[in-house]
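Commentary on secondary and tertiary structure
The primary structure of each chain is shown beneath.
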Amino acid sequence: MTDIQTPQSAKWWKKTDVKRVFLLWIILTAVIGYVGSEVQARSMGAPASEVMASVISLIRIFTWAAAPVAALVAALAITALMEKRHYGDNPPPDALHQVHTSPRVNGLWMAASTVLCLFALIVGLIVLQKDSASLLDAKAMNVNVTGQQWVWNFDYVESNGVRSADLYLPVNKPVVFHVSSKDVKHSFWVVQMGIKIDANPGYVTETAVTPNKIGVFDVRCAELCGLLHAYMQTKVHVVSQADYETWLKSTAVTQGAIS
Ligand SMILES: [Cu+2]
């Protein structure tokens, strides 16, 4: 049995490698942070609630926080590929170095990971807290949301049995959704408002939001619920208070049988 001996003085890395990694790290951090946050923020579209606006800024912050980690891995990989290429069947002489555990590097990495995880946890919790703030609003209106394969139905609690398949909401008014399902598990997702909650049979879950933009937005199912899951979508129409009341009245009249 022979141990591979490596001279202590022989360094397997060069100063130029370190410089290159450092330079690439800085450049790639900026590129990954900027491109990553822009692509994600743009793909989510304009926010239709304060919750969604904070979700988008949270994604930007998380992307920038993750960028240096991704950039360091990429910088090391690129440097290794450019500088350490070796052809032939035998390992290159500088591959014989022994990798030692460095308590200092381990400690630094543990500390950096802990800080990053705590940061993500705390900032995430603050945004989630905002998400549920409207639940406690006494002025909030209430909508019962029922999912079933493969449609959504909305019952307007304060409006004598008015029911619709498209959701109508007045702008700037908090709304609490009481969400349930008739058959299997679904997930009620109002895309541009940044709220999503499971719809479970036999159980009511609650979420709330205050729409702050007039327009037509998407409601989708976010839980694979069977063959036509992908088509289980509808629209939410956010309108002025006056338009909302007009819609409510005319719907109540046409649904005369149940109102
Ligand atoms: Cu579904």
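Before reading on, note that the structure itself is shown above.
Residues numbered from 1 in each chain as written. Predicted model: local features only at pLDDT ≥ 70, side-chain atom pairs only at ≥ 80, totals over all residues.

Okay, the packing of helix α1 (residues 15-43) against helix α2 (residues 50-83) next. Where α1 contacts α2, the two axes come as close as 6 Å, and the packing angle between them is 145°. For the pair α1 and α2, the sense of crossing is right-handed. Taken together, the residues that form the contact of α1 with α2 break down as 18 nonpolar, seven polar and four charged. (Axes fitted to C-alpha atoms, helices over the stretch in contact; angles between N-to-C directions. Helix = DSSP H or I, 4+ residues; strand = E, 2+ residues; numbered from the N terminus. Left-handed = near helix turned anticlockwise from the far one by under 90°. Nonpolar A, V, L, I, M, F, W, Y, C, P; charged D, E, K, R; others polar.)

Between its first and last C-alpha atoms α2 spans 49 Å; for 34 residues at 1.5 Å apiece the expected length is 50 Å, and the two agree. Its axis deflected by about 35° at A67, α2 carries its strongest bend there, up to four residues before the proline P68. Three or more residues of α2 are buried, namely V51, M52, V55, T63, A67, A71, A75 and T79. (Expected span 1.5 Å × (residues − 1). Bend = angle between axes of the 7 residues up to and from the residue. Buried ≥ 20, exposed ≤ 12 C-beta atoms within 10 Å, placed from the backbone.)

Our next topic: unusual backbone geometry. Cis geometry is found at the peptide bond from Q149 to W150, where omega equals 5°. Note on placement: W150 falls in the loop between β1 (141-148) and β2 (151-156). For N172, which is not glycine, the phi dihedral falls at a positive 60°. Of note, N172 is situated in the loop between β4 (167-170) and β5 (175-181).

Turning next to the pairing of β4. Each regular strand carries side chains that alternate between the two faces of the sheet. Only one face of β4 is covered, namely the one carrying L167 and L169; the face carrying Y168 and P170 has none of its residues buried. Sheet topology places β4 next to strand β10 (residues 233-239); four bridges connect them, and they run parallel. Its bridge partner lying in β10, Y168 is registered against H237. (Pairing = 2+ DSSP bridges.)

The next thing to look at is the sheet that holds strand β7 (residues 195-199). Pairing within the open sheet is mixed, and its five strands lie in the order β4-β10-β9-β6-β7. The strands lining the two open edges of the sheet, one partner per strand, are β4 and β7. Each strand axis lies, on average, 20° off the axis of its neighbour in the sheet, ignoring direction. Relative to β10, strand β9 (residues 215-221) is paired through six bridges, and the arrangement is antiparallel. The partner of V219 across the bridge, within β10, is T234.

In this section: the environment of A199. When you line up the elements, A199 lands in strand β7. Look at A199 and you get buried, because 28 C-beta atoms sit within 10 Å. Sequence separation between A199 and V184 is 15 residues; the distance between their C-alpha atoms is 8.4 Å. Among all residues touching A199, those that are not within four sequence positions of it are V145, G147, V179, S180, S181, K185, H186, S187 and F188. (Contact = placed C-beta atoms within 7 Å.)

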